[in-house]
Amino acid sequence: MRKVIGIGETVLDILFRNGQPVSALPGGSTYNAVISMARAGLPVTFIGEVGHDRVGDEIVGFLEKNGVDTRSVCRFQNTKSPISLAFLNEQNDAEYVFYKDHPHDRLDLIIPDIGADDIVLFGSYYAVNPVIRMQVKALLDAARSCGAIIYYDVNFRAAHAHEAKKLVPCFRENLEYADLVRGSHEDFAVLFQKEGADAVYDAEISSFCRHFIYTQGSRAVEVRGAGGFAKSYPVAEQATVSTVGAGDNFNAGFIYGLMKYGVTRSDLVRGLSENQWDALVGCACRFSAECCKDIYNYVSESFGHSLRQDGAHFGKDSDGMGEK
């Protein structure tokens, strides 16, 4: 059976509205995605690190409660697990403040079994952090040698803007590993001072990776793919409670779609059809919209249950039409 392996940071997200804390939830970009994928019935392993403290207990316990394999999570003594403060504005978009000492990051990498067409998700500052760069590369090398699909979420925030120039070589190396790249308009404005899907794809992505997804919050999702494929997908209007985790859940939904519709790495090498892109982006937007309905960083358990009930549909052909 195909599976998903995610590697990334862990944090305790404390959410503020009108200056008051309203929730405290385990999080992290890849972490949020793996929780949602596990709730949707996918077999998921998480690779990361936490401290041996109360926050670390919450982070690991929540993974286990949701059915995520935690055997590759490292726990370190005398280390405090990181915290993130997310302040919601009137539009329910979040401004973040992170409390983490990145120079003290370390990772005793435990690489799980990876098979052909498994999916490896990585991204954020974790993917370019010089302290753990060799461990991340080791996972990517293992994934590539096994024929897995590598999905890269750039997710590079303004808090690290002062490091952008020196990290560009790592970013480009990540692009070379990736079969699919997603980034938001904010990411590329910070990294390259560029905006617009075509400007970013032509100048920064296409030479390294052919499949690119450019998200813009409530504005249309732009896709650029092999063979000159280009399409804009409008985002449906909806009332949002919080946008924390919206992009992470877009990733979760897209990967869910790859699994649901049986899209393989060979399909990506050949190039995806419009039907395939439509189905995958549809799944991604559905997960993202579901996440925004509440203050949580992931899709609801009831939403996941409804998808698990639909699990018999896994294994459709890679155009999403008919059974294999």
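Keep in mind the model is a prediction, meaning the values are calculated, not measured.

A. Summary view of the sheet that holds strand S6 (residues 83-88). If you walk across this open sheet you meet the four strands as S3-S2-S6-S7, and the pairing is mixed. The open sheet terminates on both sides in strands that have one partner only, identified here as strand S3 (20-27) and strand S7 (94-99). Within this sheet the neighbouring strands show an average axis-to-axis angle of 20°, counted without direction. The sheet contact formed by strand S2 (residues 11-17) and S3 spans seven bridges and is antiparallel. Note on S3: the bridge partner recorded for Leu-15 is Ser-23.

B. Seen up close, the sheet that holds strand S5 (residues 69-76). The strand order across the open sheet built from nine strands is S5-S4-S1-S8-S9-S10-S11-S12-S13, with neighbouring strands paired in mixed fashion. Each edge of the open sheet is held by one strand with a lone partner, namely S5 and strand S13 (230-233). For this sheet the average axis-to-axis angle between neighbouring strands, irrespective of direction, equals 15°. In terms of strand pairing, strand S1 (residues 4-7) meets strand S8 (residues 119-123) through three bridges, oriented parallel. Residue Ile-5 lies in a different strand from S8, and its bridge partner there is Val-120. Contacts between helix H2 (residues 54-65) and the sheet are confined to strand S4 (44-51) and S5, with S5 contributing the most and set at about 175° to the helix. Helix H6 (residues 197-205) rests against strand S10 (180-184), strand S11 (212-216) and strand S12 (219-224) of the sheet, and its axis sits at about 140° to S11.

C. Quick peek at the packing of aromatic side chains. As enumerated under the stated definition, the model contains 16 aromatic pairs in all. Where Tyr-31 meets Phe-46, the ring centres are 5.7 Å apart and the plane angle is 85°; that geometry is what we call edge-to-face. You can see Tyr-31 sitting in helix H1 (residues 29-39) and its partner Phe-46 sitting in strand S4, a full 15 residues away along the chain. Geometrically, the ring pair formed by Phe-254 and Trp-277 is tilted, given 6.0 Å between the ring centres and 55° between the ring planes. Taken as a pair, Phe-254 in helix H7 (residues 246-260) and Trp-277 in helix H9 (residues 274-291) lie far apart in primary sequence, 23 residues in all. The same class applies to Phe-254 and to Trp-277, which are both buried. Joined through ring pairs, the aromatic side chains of Phe-122, Tyr-152, Phe-171, Phe-188, Phe-192, Tyr-201, Phe-212 and Tyr-214 make up one cluster.

D. Examining the side chain of Arg-2 more closely. Relative to the helices and strands, Arg-2 is located in the segment before S1. It is Asp-117 that comes nearest to the buried, bridge-free Arg-2 among opposite-charge side chains, at 5.2 Å. At 2.7 Å, the side chain of Arg-2 and the backbone oxygen of Asp-117 are in polar contact.

E. Seen up close, the pattern of salt bridges. Overall, the coordinates contain 19 salt bridges when judged by the stated rule. Across the pair Arg-54 and Glu-58 runs a salt bridge, and its minimum N-O distance is 3.9 Å. In this pair, Arg-54 and Glu-58 are both assigned in helix H2, four residues apart and thus about one turn of the helix distant. Overall, the relative accessible area of 41% leaves Glu-58 in the partly exposed class. Between Lys-137 and Glu-173 there is a salt bridge whose closest N-O contact spans 3.1 Å.

F. Highlighting the nonpolar core. Core analysis: the largest hydrophobic core is formed by 53 residues, its most contacted members being Met-37, Phe-254 and Trp-277. For Trp-277, the residues in contact, after removing those within four places along its chain, are Leu-180, His-211, Ile-213, Val-223, Gly-225, Phe-229, Tyr-233, Phe-254 and Leu-272. Within the second largest apolar cluster, 44 residues are counted, among which are Cys-74, Ile-114, Tyr-152 and Tyr-177.

About the cut-offs
- Residues numbered from 1 in each chain as written.
- Predicted model: local features only at pLDDT ≥ 70, side-chain atom pairs only at ≥ 80, totals over all residues.
- Heavy atoms only, no water.
- Pairing = 2+ DSSP bridges.
- Helix = DSSP H or I, 4+ residues; strand = E, 2+ residues; numbered from the N terminus.
- Axes fitted to C-alpha atoms, helices over the stretch in contact; angles between N-to-C directions.
- Contact = heavy atoms within 4.5 Å.
- Phe/Tyr/Trp six-rings, centres within 6.5 Å; stacked < 30°, edge-to-face > 60°.
- Buried < 20%, exposed > 50% of the residue type's maximum accessible area, 1.4 Å probe, protein only.
- Lys, Arg positive; Asp, Glu negative; His and termini not counted.
- Salt bridge = Lys/Arg side-chain N within 4 Å of Asp/Glu carboxyl O.
- Polar contact = N/O pair within 3.5 Å; in protein donor to acceptor, adjacent residues only side chain to side chain.
- Core = buried A, V, L, I, M, F, W, Y, C linked by side-chain atoms within 4.5 Å.

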